[in-house]
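Breakdown of the fold
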Amino acid sequence: MSSNKNALIRYKTLDKCLKNKYRKYTLEDLIDECSEALFEFEGKESYVSKRTVQLDLQNMRSEKFGYEAPIEVYERKYYRYSDPEYSIHNISVNESDLKAMNNAVQILKQFKDFSMFKEMNGVIQKLEDSIHATSQKSIIHLDKNEQLKGLEHIDILYESIANKKVLKILYKSFTARESNIFTVHPQLLKEFNNRWFLICLYKQKMYNLALDRMESIETDDSLLYIDKDLDGDEYFKDIVGVTVAESMDPRNVVFWVDSGNAPYVKTKPLHKSQEILKEDRDGTLFKICVQINFELERLLLGFGDSLIVHKPKKLRLKMEEKFRAGIKNYQNLIVPEEN
């Protein structure tokens, strides 16, 4: 057992003794109680020294851990709290703290119906009760959609990543005619644009699988899990979205945005690498350094005629092709006459 956990057990035991109004505890009694508590947790003899308990009492009295416990010695040998209502488990908060905690509770409540947060319902209720949270409407509204297909898979995927389990996933992509079984080593869950993805190892390569295309999932205990020890911040640092090409280097993407939309791009950068190259009354020239993927293309296209890609040339030509195809679609559109 770690020394930190040993200390927590001792503090909890000392707190129980010091607030007991019906028994007198000497230092030796406190030592015995702590030793017995550790024995119960570890299942083996664990004697706590006199110096250790004295240091624990000193730490509880101090501001070191925020306890400032009112421990007193009375009749020159017995230990107790001078305030019979005190406990280290009581949270001392001021009005400002309560307000901040109440706001946090209101945000947490927005996730109460989300599958992976269902176990939080009881915790949230306890928080509301303990801080006397007001039943105000939430001032902060988070974008979420509990009706998204595939959310029912989050629990098993989350647990499989945490417990390092290999999965067999029956999956049908948008382009596939039939469903296929993928035996994968799940690594990360990623949300992008209100859609969830599983980042996993499949046949020695990293893939992202959309949760809404998964038909069934089961664990495969016959295979040894391969842990790639992925760090999400590092893994996604050079991209917009979820599609990472391990063999592709990030490229400088230079694009111009008109003056009406440039402030939006300035205040909400397309990527953390974004910088301004030039600015005038007509618009702003930006640069980001990213891998060029499907999500980036969709994001740039979303700005319509207010954005022009300058570099790289291949991306610029692809954007031109998309816009020409869009114009052709509108030119060939036949709309039934309204009654």
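Everything discussed here concerns the structure shown above.
Let me sum up the structure you'll find in this document. Small disclaimer: the values here were computed from a predicted structure and weren't measured.

Empty space among the atoms becomes apparent when a probe as large as a water molecule is rolled across them. Quantified by volume, the largest pocket comes out at close to 1,200 Å³. Taken together, 42 residues make up the lining of the largest pocket; nearest its centre are Phe192, Phe197, Val242, Thr243 and Glu295. No other element matches strand 6 (residues 205–210), which puts six residues into the lining of the largest pocket. Of the residues assigned to the lining of the largest pocket, the class counts are 22 nonpolar, eight polar and twelve charged.

This part covers the packing of helix 2 (residues 27–42) against helix 3 (residues 50–61). The geometry of helix 2 relative to helix 3 is characterised by a closest axis approach of 10 Å and an angle of 100 degrees between their N-to-C directions. Considering their axes alone, helix 2 and helix 3 lie roughly perpendicular with respect to each other. Contact residues: helix 2 offers Leu27, Leu30, Ile31 and Cys34, while helix 3 offers Lys50, Val53, Gln54 and Leu57. Classifying every residue of the contact of helix 2 with helix 3 gives six nonpolar, one polar and one charged.

What follows deals with the side chain of glutamine 274. Position of glutamine 274 relative to the elements: it lies in the loop between helix 8 (262–267) and strand 9 (275–279). Judged by its relative accessible area of 16%, glutamine 274 is buried. At 2.9 Å, the side chain of glutamine 274 forms a polar contact with the backbone oxygen of valine 265. Excluding anything up to four places from it in sequence, glutamine 274 contacts Phe255, Val265, Lys266, Pro269, Phe286, Lys287 and Ile288.

What counts, and at which threshold
- Residues numbered from 1 in each chain as written.
- Predicted model: local features only at pLDDT ≥ 70, side-chain atom pairs only at ≥ 80, totals over all residues.
- Heavy atoms only, no water.
- 1 Å grid on protein atoms, 1.4 Å probe; cavity = no way out; pocket = protein on both sides within 12 Å on 5 of 7 lines; lining within 4 Å.
- Points joined across faces, edges and corners; volume = space filled by probe spheres on them.
- Helix = DSSP H or I, 4+ residues; strand = E, 2+ residues; numbered from the N terminus.
- Nonpolar A, V, L, I, M, F, W, Y, C, P; charged D, E, K, R; others polar.
- Axes fitted to C-alpha atoms, helices over the stretch in contact; angles between N-to-C directions.
- Parallel < 35°, antiparallel > 145°, perpendicular 65-115°, else oblique.
- Contact = heavy atoms within 4.5 Å.
- Buried < 20%, exposed > 50% of the residue type's maximum accessible area, 1.4 Å probe, protein only.
- Polar contact = N/O pair within 3.5 Å; in protein donor to acceptor, adjacent residues only side chain to side chain.

Shape is all these values report; function is a separate question.
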